[in-house]
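Chain by chain, the residues run as shown.
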Amino acid sequence: MPHRYLFTSESVTEGHPDKVCDQISDAVLDAILSKDPSGRVAAECLVTTGLVVVAGEVTTTANIDVPEVVRQVVAGIGYEGERGGGFDARTCAVMVSLDKQSPDIASGVDKALEKRGQSADSMDQTGAGDQGMMFGFACNETPEYMPMPISLAHRMSRRLAEVRKLGVLKYLRPDGKTQVTIEYENDIPVRVDAIVISTQHDPLIDGVEDNAKIQERIAADLKKYVVMPVFQDLSIKPDDKTKYLINPSGRFVIGGPQGDAGLTGRKIIVDTYGGYARHGGGAFSGKDPTKVDRSAAYAARHAAKNIVAAGLASRAEVQIAYAIGVAHPVSVLVTTFGTGKISDEEITKLVQKNFDLRPAAIIKNFDLNNMPKIHGGKFFQNVAAYGHFGRPDLELPWEQLNKVEALKKSLEGAASSR
């Protein structure tokens, strides 16, 4: 009997209150690293009605106008003037409370335990900024090696923002969420079961006041201009049994920070794999690359993606764990869920051989400290919305398939030795 099941993932637009916070936190990081690549940043953000609060720890030589950074981000998202729906980049209050990084944390990061009293190479000099475990994942369900539900949800939320900013659907406002349910048969996606979209909108559309008619118009427009373009070039498409729930709660005029408070780091599943893979619990945004919550999660994704692209497995999950102030991981584990061409133990050894997972090596290999300057002061902010992985719209260093050939050779060597 075929094994059938449904799996659902969600995404949110850049105007969602939590995502506003993530983008502000990463914009602060971008601004600092653009001027001071060795800066240390742990920036958190809170937004609510008429207020943005930025707090955390920063050690840097850069002089940053944080309120101006905040207002530029908020305005760029679309919360400005009447179109902001009550939250305005020009008039919202901005409070800033940033202190220096704890010297106890700094000493462990600047001088790793491996370096104390013994000889080690330069990559051993930077310790992990915290303890914890990070996961990376990849599968062959989509061209970008991402699970299909989260890939489609992200595509729709990006498209939702695109048609708003281009003026295709002028009545849309910045806040929105998307959700896609995929039906699987024997772990292979076979159909689109349900599509859910909630989008903020103007109180009137073309002068129409009747809410039922407004919602009918929104549903028709979103199917035409958002959903169908997303599936245009894909082999899997909605069918006559696909369920559509568009603004299922009805009217959605008050949204964004005016409707709900937002916090940095509250959309970690949206940021990663949509719940399809495990998560270590650490958020990404507002953290400089010495924080392994961020950099090691990127490294784990890089390893997992190259494993799948090399044909070693159809699905791969990589776990890395660290101790604060220690450069080398305390553990590395690869799980392929029974899809591996060789054993998980052998693939784990290949990862340890071919990927340097010390924080300094990750930072150097991906050039993370210099990325904001290279990209005109806006790198981490770009991944703060619509996912940090599988981004066909961005050139991300951890998405490179530069280890595929080395892994293929290792696979061939393992096969010939049997």
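Residues numbered from 1 in each chain as written. Predicted model: local features only at pLDDT ≥ 70, side-chain atom pairs only at ≥ 80, totals over all residues. Heavy atoms only, no water.

The next subject is the overall build of the protein. Secondary structure assignment for the protein yields 13 helices and eleven strands. In terms of overall dimensions, the protein is globule-like: its C-alpha atoms have a radius of gyration of 22 Å, near the 22 Å expected for 418 residues. Each principal axis of the C-alpha atoms in the protein carries an extent, and together these give about 75 × 60 × 30 Å. Sorting the 418 residues of the protein into buried and exposed places 56% on the buried side. In the protein, the proportion of contacts linking residues at least 24 apart, taken out of those at least 6 apart, comes to 73%. Charge-centre separation for the protein: the mean point of 49 positive side chains lies 2 Å from the mean point of 53 negative side chains. (Helix = DSSP H or I, 4+ residues; strand = E, 2+ residues; numbered from the N terminus. Rg over C-alpha atoms; globule rule 2.2 N^0.38 Å. Buried < 20%, exposed > 50% of the residue type's maximum accessible area, 1.4 Å probe, protein only. Contact = heavy atoms within 4.5 Å. Lys, Arg positive; Asp, Glu negative; His and termini not counted. Charge placed at Lys NZ, Arg CZ, Asp CG, Glu CD.)

Another point: the packing of aromatic side chains. For the coordinates displayed, the defined rule picks out 15 aromatic pairs. Relative to Tyr184, the ring of Tyr5 lies with its centre 5.1 Å away and its plane at 0°, an arrangement referred to as stacked. Of this pair, Tyr5 sits in strand E1 (residues 4-12) while Tyr184 is found in strand E6 (residues 172-185), placing the two residues 179 residues apart along the sequence. A cation over an aromatic ring shows up here: Lys223 above the ring of Tyr244, its NZ or CZ 4.5 Å from the ring centre. Lying across the ring of Phe355, Lys403 places its NZ or CZ 5.8 Å from the centre. (Phe/Tyr/Trp six-rings, centres within 6.5 Å; stacked < 30°, edge-to-face > 60°. Lys NZ or Arg CZ within 6 Å of the ring centre and 35° of its normal.)

A word on the side chain of Arg159. Examined against the element boundaries, Arg159 turns out to sit in helix H4 (residues 148-165). When neighbours within four sequence positions are excluded, Arg159 is seen to be in contact with Tyr225, Val226, Pro229 and Val230.

A few words now on the sheet that holds strand E3 (residues 51-59). In space, the four strands of this open sheet follow the order E4-E3-E2-E9, with mixed pairing throughout. The open sheet has two edge strands with one neighbour each: strand E4 (93-99) and strand E9 (262-263). Strand direction decides the pairing type here: strand E2 (residues 40-48) and E3, joined by nine bridges, are antiparallel. Bridge pairing links Val47 to Val52 in E3. Contacting E2, E3 and E9, helix H1 (residues 17-35) crosses the sheet at an angle of about 150° to E2. (Pairing = 2+ DSSP bridges. Axes fitted to C-alpha atoms, helices over the stretch in contact; angles between N-to-C directions.)

Now for the environment of Ala153. As for its position among the elements, Ala153 is in helix H4. For Ala153, a relative accessible area of 0% gives the class buried. Along the primary structure Ala153 and Val230 are separated by 77 residues, whereas in three dimensions their C-alpha atoms are 9.6 Å apart.

Checked against the element boundaries, Asp26 lands in helix H1. We classify Asp26 as buried; its relative accessible area is 0%. Among all residues touching Asp26, those that are not within four sequence positions of it are Ser285, Gly286, Arg294, Phe380, Gln381 and Ala384.

In this section: the sheet that holds strand E7 (residues 188-201). The strand order across the open sheet formed by four strands is E1-E6-E7-E8, and the pairing between neighbours is mixed. If you trace the sheet from one side to the other, it starts and ends with E1 and strand E8 (238-246), each paired once. In this sheet, neighbouring strand axes are inclined to one another by 20° on average, regardless of whether the strands run parallel or antiparallel. Bridge count for E1 against E6 is nine bridges, and the pairing is antiparallel. For Phe7, the partnering residue across the bridge sits in E6 and is Ile182. Sheet strands touched by H4: E1, E6 and E7. Its angle to E6, the strand with the most contacts, is close to 155°.

In this section: unusual backbone geometry. Positive phi is not limited to glycine here, since Asn247 has a value of about 45°. Here Phe337, not a glycine, exhibits a phi torsion of approximately 55°, which is positive. Assignment of secondary structure puts Phe337 in the loop between strand E11 (331-335) and helix H9 (344-354).

With that settled, consider helix H8 (residues 292-309). The end-to-end C-alpha distance of H8, which contains 18 residues, comes to 24 Å, matching closely the 26 Å that a straight helix rising 1.5 Å per residue would cover. Of all 18 residues that make up H8, 18 are buried, and the element is covered over most of its length. Taken from the residues just after H8, Gly311 is the one with a positive phi, measuring 85°. (Expected span 1.5 Å × (residues − 1).)

Here we come to the pattern of salt bridges. Under the counting rule described, the total for this entry stands at 28 salt bridges. Linking Asp202 and Arg173 is a salt bridge whose minimum nitrogen-to-oxygen distance equals 2.8 Å. With a gap of 29 residues between them, Asp202 in the loop between E7 and helix H5 (211-231) and Arg173 in strand E6 connect regions that are remote in the sequence. There is no split in this pair, since Asp202 and Arg173 are both buried. Where Arg315 meets Asp187, a salt bridge forms, and the shortest distance between an N and an O atom there is 3.6 Å. A residue pair is termed long-range when its members are at least 10 positions apart, and Arg315 in strand E10 (residues 315-322) and Asp187 in the loop between E6 and E7 qualify at 128 residues. One network of salt bridges, with partners in common, ties together Arg4, Glu183, Glu185, Arg191, Asp193, Asp239 and Lys243. (Salt bridge = Lys/Arg side-chain N within 4 Å of Asp/Glu carboxyl O.)

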